[in-house]
Amino acid sequence: MRMRGKPWARPELAVCPFNIPDPASHRGNWKAQFPNPYPLRMELGCGKGEFAAQICVQEPEYNYLVIDIKSEVLVLAKRALEAAYQTAYGPGHPVENARVMSQDIERIDLMLSPQDQIQRIYINFCNPWPKNKHHKKRLTYPRQLMKYRSFLQDGGEIWFKTDDDPLFDDSLEYFAQCGFSVRYLTRDLHNSGFSGSYSTEHERMFSAQGIPIKFLIAVKEPELPQTSEVKTLP
Ligand SMILES: C[S@@+](CC[C@H](N)C(=O)[O-])C[C@H]1O[C@@H](n2cnc3c(N)ncnc32)[C@H](O)[C@@H]1O
C-alpha cells in the first residue's frame with residue numbers, strides 16, 4: 001500500500017497508550033498487556049484498520065494484536081480504532097481490547113512464542129507476490145505458516161481473504177503441507193451466505209470492480225502430515 005510521507009505518524013504512535021513500541025519484549029506474555037484475560041486474536045497487515053475497528057467493538061470478548069509493517073499505515077488504524085470506540089462507547093473511552101504495533105510479519109516469531117496461544121489469525125488481502133521468485137514473501141507461504149503454527153493453539157484458525165486466484169490456490173497447498181485442514185471455503189464470499197466477516201478497505205475496492213472475494217478458514221491440526229513434506233521451505 002503506497003502512502004504519502006507522514007512525519008507525524010511515529011510521534012503520534014509514540015504517545016498512543018495502546019501502541020506497543022517494542023513487541024519483542026512481550027514475547028510469551030501478551031495476555032498481560034490487556035485488562036481482561038480474553039483469548040488472543042491477531043490481524044496481519046491491518047492496513048488502515050477498517051477491519052480491526054469493526055471487529056474489536058463487534059466482538060469485544062477477544063483481545064486483538066493489530067499489526068502492520070508501516071507506521072504511516074498503522075497510525076491510520078490507530079485512529080480508526082479510536083473512532084470506532086468513540087462511536088460505540090462514547091468520547092474518551094480507552095481502547096481496551098486492541099494493541100497496535102509496527103512489526104515485520106516475516107519476523108513474527110520474534111514477538112510471539114508458544115506460551116502466547118493465539119486463538120485466531122486474520123490475513124486480509126496480503127500482497128499476492130505473483131512472481132515465483134517472490135512467493136516466499138507471501139504471508140501464507142509455508143515458511144510463514146510454520147511460524148504461525150508455533151504460537152497458534154491446537155484447533156486455532158487462520159481466516160484468509162483475497163481477491164487473487166493464484167494466491168488462493170497456492171495457499172490451499174501451503175495450508176495442507178503445513179498441517180492445516182480447511183474447515184470452510186468459498187470463492188465468492190459476498191454471495192456465499194457466510195456471516196461473521198467484516199469488510200476491509202481492499203475488499204470494498206475489489207468488490208466494486210466486480211472481483212469475487214475468495215475466503216477460507218484453515219484449522220491447525222495438532223500434528224504435521226506424515227505423507228507430505230514442506231517442499232517449499234525455507
Ligand atoms: C494490500 S494491503 C491490505 C490492507 C488491509 N488488510 C485490507 O484488506 O485492506 C497489505 C498490508 O500489509 C502490510 N504488509 C505487507 N507486508 C508486510 C509485512 N511483511 N509485515 C507487516 N505488514 C506487512 C502492508 O503495509 C499493507 O498495509
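Residues numbered from 1 in each chain as written. Predicted model: local features only at pLDDT ≥ 70, side-chain atom pairs only at ≥ 80, totals over all residues. Heavy atoms only, no water.

Under the defined criterion, the tally for this structure stands at 15 aromatic pairs. Taking 5.2 Å as the distance between ring centres and 55° as the angle between the ring planes, the aromatic pair formed by Tyr85 and Tyr89 counts as tilted. Of this pair, Tyr85 and Tyr89 both sit in helix 3 (residues 71-89), four residues apart, which is roughly one turn of the helix. Looking at Tyr85, the relative accessible area reads 2%, which means it is buried. Between Tyr184 and Phe215, the aromatic rings sit 5.9 Å apart at their centres with planes inclined by 50°, giving tilted as the arrangement. Of this pair, Tyr184 sits in strand 6 (residues 180-186) while Phe215 is found in strand 7 (residues 214-220), placing the two residues 31 residues apart along the sequence. One aromatic cluster is present, built from ring pairs that chain together Phe51, Tyr122, Trp159, Tyr184, Phe194, Tyr198 and Phe215. One residue, Lys137, lies across the ring of Trp129, its end atom 5.4 Å from the ring centre. (Phe/Tyr/Trp six-rings, centres within 6.5 Å; stacked < 30°, edge-to-face > 60°. Helix = DSSP H or I, 4+ residues; strand = E, 2+ residues; numbered from the N terminus. Buried < 20%, exposed > 50% of the residue type's maximum accessible area, 1.4 Å probe, protein only. Lys NZ or Arg CZ within 6 Å of the ring centre and 35° of its normal.)

Turning our eyes to something else, we now look at the pairing of strand 4 (residues 118-124). Counting buried positions over the seven residues of strand 4 gives seven, a clear majority of the element. Pairing analysis gives five bridges linking strand 1 (residues 40-44) to strand 4, with the strands arranged parallel. By the bridge assignment for strand 4, Arg41 is matched with Arg120. Pairing of strand 4 with strand 5 (residues 152-162) involves six bridges; the strand directions are parallel. Bridge pairing links Tyr122 to Trp159 in strand 5. Remark: the strand 4/helix 4 (residues 142-151)/strand 5 crossover connection has right-handed handedness. (Pairing = 2+ DSSP bridges. Right-handed = clockwise from strand over helix to strand, strands pointing away.)

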